[in-house]
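Residues per chain, in single letters:
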Amino acid sequence: MPLTDHLAVRLAISLGIGLLIGVERERRKGSGPSRAPAGIRTFAVVSLAGGISLTVGGELLLSVVAICIAGLSIVAYRLKRRDDPGFTTAAALLTALLLGALAVRQPALAAGLAVAVAVLLAARTRLHQFVQQVLTEQELQDALLFAAAALVILPLTPDQPLGPLAVLNLRTLWKLVVIVMSISAAGYIALRALGPRYGLPIVGLASGFVSSAATIGSMGSRAAQETKLMRAAVAGAVLSTVSTIIQMGAVLLVTDRSTLTAMRVPLLLAGAAAVLYGALFTIKTAHHQTQSDEATGRAFNLITAIIFAVTVSAILLASAAVNRWLGSAGLALAAGLAGFVDTHSAAISVASLVATNKIAATEAVLPILIGLTTNTITKAVIAITTGGVRFALQVIPGLLLVIFAAWAGFAAAIL
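Residues numbered from 1 in each chain as written. Predicted model: local features only at pLDDT ≥ 70, side-chain atom pairs only at ≥ 80, totals over all residues. Heavy atoms only, no water.

Caption draft 1: Quick look at helix H1 (residues 7-27). Along its 21 residues, H1 runs 31 Å from first to last C-alpha, staying within 8% of the 30 Å computed at 1.5 Å per residue. Among the residues making up H1, those that are buried are Arg-10, Ser-14, Ile-17, Gly-18, Ile-21, Gly-22, Glu-24 and Arg-25. (Helix = DSSP H or I, 4+ residues; strand = E, 2+ residues; numbered from the N terminus. Expected span 1.5 Å × (residues − 1). Buried < 20%, exposed > 50% of the residue type's maximum accessible area, 1.4 Å probe, protein only.)

Caption draft 2: Region of interest: the nonpolar core. Counting 29 residues, the largest nonpolar core has Met-248, Leu-252, Met-263, Ile-368, Leu-369 and Leu-372 as the members making the most contacts within it. Listed by contribution, the elements that provide at least two residues to this core are helix H10 (230-255), helix H11 (257-287), helix H14 (343-355) and helix H15 (361-414). Per-element accounting of this core gives the leading share, 11 residues, to H15. Contacts of Ile-368, omitting those with residues within four sequence positions, involve Met-248, Leu-252, Thr-259, Met-263, Ala-347 and Val-350. Ranked by size, the runner-up nonpolar core spans 21 residues in total, among them Ile-21, Phe-43, Ala-96 and Val-104. (Core = buried A, V, L, I, M, F, W, Y, C linked by side-chain atoms within 4.5 Å. Contact = heavy atoms within 4.5 Å.)

Caption draft 3: Quick look at the side chain of Thr-259. Looking at where Thr-259 falls in the secondary structure, it is placed in helix H11. Classification of Thr-259 by relative accessible area gives buried; the value is 0%. A polar side-chain atom of Thr-259 sits 2.7 Å from a polar atom in the side chain of Asp-256. Setting aside its immediate chain neighbours within four residues, Thr-259 contacts Leu-252, Ala-351, Val-354, Ala-361, Ala-364 and Ile-368. (Polar contact = N/O pair within 3.5 Å; in protein donor to acceptor, adjacent residues only side chain to side chain.)

This is how it looks when you write it as structure tokens:
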């Protein structure tokens, strides 16, 4: 029987929540006539009262207690006659009451939320400085736009197949938009924190595990906005391919180890090529002095993110049309069509056939490489449409080098 199943333990958690939040509020009380009325004892008692009231009388009694606490807070602040009593402590007091009640039913969730509240209250000065001195007006607008895209529009988009071939899903496509915006925003934050010479390559390598194609799209957008960041954006774009190869090895390891063994030479050569090409531009970026290490422009470009989703939609429609017209012409064709959208899903499908003994591991190498090749075509198209010709002319040779190395490894294995 878990320890938290005991009522006494849950009420103890309620008390602990009040003590945790109360410790932070006690430090903010001040002294003298301006001393705030609520401190560690008040918060501890209020939080415990929330747990007891829910236990004894349910939601009705909890509501009555909440009203009483709110009324007592108003009276206390009026007696203190403070010109600006503030709303934070009153809100924190009510939150402590509710978290104390929540601890009776979901102690782990209540404890986690209490820590988050305490950290938020303790970071008051830093948050105020960040919003007022660090965050610009344009960055604030971008943050609100991203919040609307991720928290408002995304849940409202229909999650069902649409279009003439029933292969388009608006929610999936809008997820791609949000992913591109997220990667671009991460790149922007890295620019602010690390400078352009190191920020974009690091973000490119990390975000490549989410989506290499989306990373190339966001890096292309950054390069189009600020041409002085071209080298860094190219480095980030190519290094995202390193993540593709690493992730490919990981999914094959999980799905079927014999397929990974058969693919080891192509993956090793492709990964080495991606690392070398990405390192070349990273070194150039490190030696290239930009005019300023401060990020300029916007955190992301919504139009570019939408263009990326439209490009993926067009490729997906074309793949589905070819598949319908030609029918099932073998595993290689299916893997190639799937690779236009996601090379890892194609690899997982092929490796699953090996795992179920439907094909040999050596027979899986060719379709996986075809899927990797068609995915490279997708990346090249995205590089052109988002970053322009100059960006594409620097990224595409790296993509070709990687895929050529993979095919060279395949040729060497069969000779």
